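# A closer look at the structure
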Amino acid sequence: MSPRAKRLAATLAGMLAATVAAVLTATPAPAAVVPGIRSAPVPDWVMTVPLAQRDADVRRVMDYWTPDRLKAASSYATPARRAPQTSPTPTGTTTATSADAGRPTTVQPTRGRAQVKNGLPTTVGKVFFRIGDRHYFCSATAVHSPNRNLVATAAHCAYDVQQMKPVEDWIFIPGYTADGRTEWGIYVGHTLNLHDNFAGLVDWDYDYAFVTVHRGFTWEPEKDAKGNPKRDAKGNPVYRRVDVGRLEDNVGGQGFLWNQPRNVVTHAFGYPAGEQPDGTRPFDGTSMRWCVTRTRIRVTAPNLLLNRGLAFPCMFTAGASGGPWLVRYNSTTGNGYLNGVNSRTWDRNADRRYDHISSPSFTKSTYVIYKIATTQGTG
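If you're wondering where the values come from, they're calculated on a predicted model, not measured in any experiment.

Cut-offs and rules
- Residues numbered from 1 in each chain as written.
- Predicted model: local features only at pLDDT ≥ 70, side-chain atom pairs only at ≥ 80, totals over all residues.
- Heavy atoms only, no water.
- Helix = DSSP H or I, 4+ residues; strand = E, 2+ residues; numbered from the N terminus.
- Contact = heavy atoms within 4.5 Å.
- Areas by Shrake-Rupley, 256 points an atom, 1.4 Å probe, with all protein chains shown as cover.
- Pairing = 2+ DSSP bridges.
- Axes fitted to C-alpha atoms, helices over the stretch in contact; angles between N-to-C directions.
- Core = buried A, V, L, I, M, F, W, Y, C linked by side-chain atoms within 4.5 Å.
- Buried < 20%, exposed > 50% of the residue type's maximum accessible area, 1.4 Å probe, protein only.
- Disulfide = S-S within 2.5 Å.
- Salt bridge = Lys/Arg side-chain N within 4 Å of Asp/Glu carboxyl O.
- Phe/Tyr/Trp six-rings, centres within 6.5 Å; stacked < 30°, edge-to-face > 60°.
- Lys NZ or Arg CZ within 6 Å of the ring centre and 35° of its normal.

Along its length, the chain carries six helices and 21 strands. Once local pairs closer than 6 in sequence are excluded, the contacts in the chain between residues at least 24 apart make up 73%. Accessible surface, the chain: about 16000 Å² in total, of which carbon and sulfur atoms supply 50%.

Written as structure tokens, this is what we have:
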């Protein structure tokens, strides 16, 4: 484990010692291997962070997210914190792990029980989380995993770079709609998987994360013997939790590709809600939006430790972060291949309106983290 990872582990362990004995495990076990990567040991730049794993913690998170809290959550803007100036990267160069080169591997998408509507993917939804006493949301998608329990999002939608620790009470709701329906379930986060360069250096070339989730649940109103809704002493409806099964069984999972060319048709999805720099607010975060392009451009910002970003024209605002970039997307099946996530917004025309959205380049290191996440069962 690198010295930086050890420092992070010690910090996180102090914050979350009541939950687990070892919060940050860069190498799960000496004999651990990465499936499909020539049986290589799990590299120390892969961070796996427990979220809600004990039954008591899962139930607490379930009870925490009341309908009122969900509706009151604010769109989460990309953190303003910049990367340490002690680690500059000259314009035109790249920083990459030894795993970044390699021949792309195709992971096939799957279908679930949910039906595609209006050509939109059933896998996409909102993630909700807490930082301090503030409630936020981002976007995310289910992605295929043998355990059928995996969500892909932006790393900054699961790891707080201001406090250098995971966000709290993280959940995923696919197909979130304006009326707050959770037809396909609410899924509590189990384990967060991300790159050490994001957590340790706030390196935006690694602003992606894979979160395994527990079985989903929904709230159903209780009824009395006569079939009438039950109410508590204050007259409020009484609800009960109902298990709805595994995420991918319900909504399917997107495929996965890495090291793709720039001139590939790409669909970006998300739930934008934040205001533009000029103060206008074109989106309200209650419905899924999309952008599409045939060509992606390279973006660099060395002062942010961003050297290998990809961007294309899109007016997304805060709230869309973490939403998927899908290539080979089929609007009939709602399936495609994950090849990026909404990371940062850009005003390239300097007219005080965001006009581009960017994603980290998905490389073999992204695939390694994805594959490690696919080995984590959650029941």
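Pairing is antiparallel in the open sheet, where four strands are placed in the order β16-β17-β21-β20. Whereas interior strands pair on both sides, the edge strands pair on one side only; in this sheet they are β16 (297–301) and β20 (344–346). Taking each pair of neighbouring strands and ignoring which way they run, the sheet shows an average axis angle of 40 degrees. Pairing of β20 with strand β21 (residues 356–360) involves three bridges; the strand directions are antiparallel. In the sheet register, Arg344 faces β21, and the bridge partner there is Ser358.

Judged by nonpolar contacts, the single largest core of 86 residues is most densely connected at Phe129, Trp170, Leu194 and Phe210. Setting aside anything within four residues of it in sequence, one finds Phe129 in contact with Trp65, Tyr76, Arg134, His135, Tyr136, Phe137, Cys138, Cys157, Val167, Glu168, Asp169 and Trp170. Counting residues in hydrophobic clusters, the runner-up holds nine residues, among them Ala268, Cys291, Leu310 and Phe316.

The subject of this paragraph is the state of the cysteines. Under the counting rule described, the total for this entry stands at two disulfides. Between Cys138 and Cys157 runs a disulfide, and the two sulfur atoms are separated by 2.3 Å. Of note, the bridge from Cys138 to Cys157 carries an S-S torsion of about -80 degrees and is left-handed in sense. Taken together, the residues span a long stretch of sequence, with Cys138 in strand β4 (residues 134–143) and Cys157 in the loop between β5 (150–153) and β6 (159–160) at a distance of 19 residues. We classify Cys138 as buried; its relative accessible area is 0%. Two residues, Cys291 and Cys314, share a disulfide whose sulfurs are 2.0 Å apart.

This part takes up the pattern of salt bridges. Under the counting rule described, the total for this entry stands at 12 salt bridges. A salt bridge links Arg54 to Asp57; the shortest N-O distance between them is 3.0 Å. Members of the salt-bridge network, linked through shared partners, are Arg60, Arg130, Glu168 and Asp169.

The next thing to look at is the packing of aromatic side chains. The final tally for this structure, using the stated rule, is 20 aromatic pairs. Geometrically, the ring pair formed by Tyr208 and Phe362 is edge-to-face, given 5.5 Å between the ring centres and 65 degrees between the ring planes. Linking Tyr208 in the loop between α4 (196–201) and β10 (209–213) with Phe362 in the loop between β21 and α6 (364–374), this pair joins segments that are 154 residues apart in sequence. Taking relative accessible area as the criterion, Phe362 reaches 4% and is therefore assigned buried. Each residue in the set Tyr206, Tyr208, Phe210, Phe256, Trp258, Phe362, Tyr367 and Tyr370 is aromatic and connected to the rest through ring pairs, giving one cluster. One cation-aromatic arrangement involves Arg130 over Tyr64; the distance from NZ or CZ to the ring centre is 5.7 Å. Here Arg344 stacks its cationic end above the ring of Trp204, 4.6 Å away from the centre of that ring.

With that settled, the discussion passes to the pairing of strand β14 (residues 266–270). Taking burial as the measure, the five residues of β14 include five buried ones, the bulk of the element. Along β14, one buried face is formed by Thr266, Ala268 and Gly270 and the opposite face, lined by His267 and Phe269, is buried too. Pairing analysis gives five bridges linking β14 to strand β15 (residues 289–293), with the strands arranged antiparallel. Each residue of the ladder has a partner; that of Gly270, found in β15, is Arg289. Examined bridge by bridge, β14 and strand β18 (residues 324–330) share three bridges and lie antiparallel to one another. Bridge assignment links Ala268 to a residue of β18, and that residue is Trp325.

Take it as geometry only, folks, not as evidence of what the structure does.
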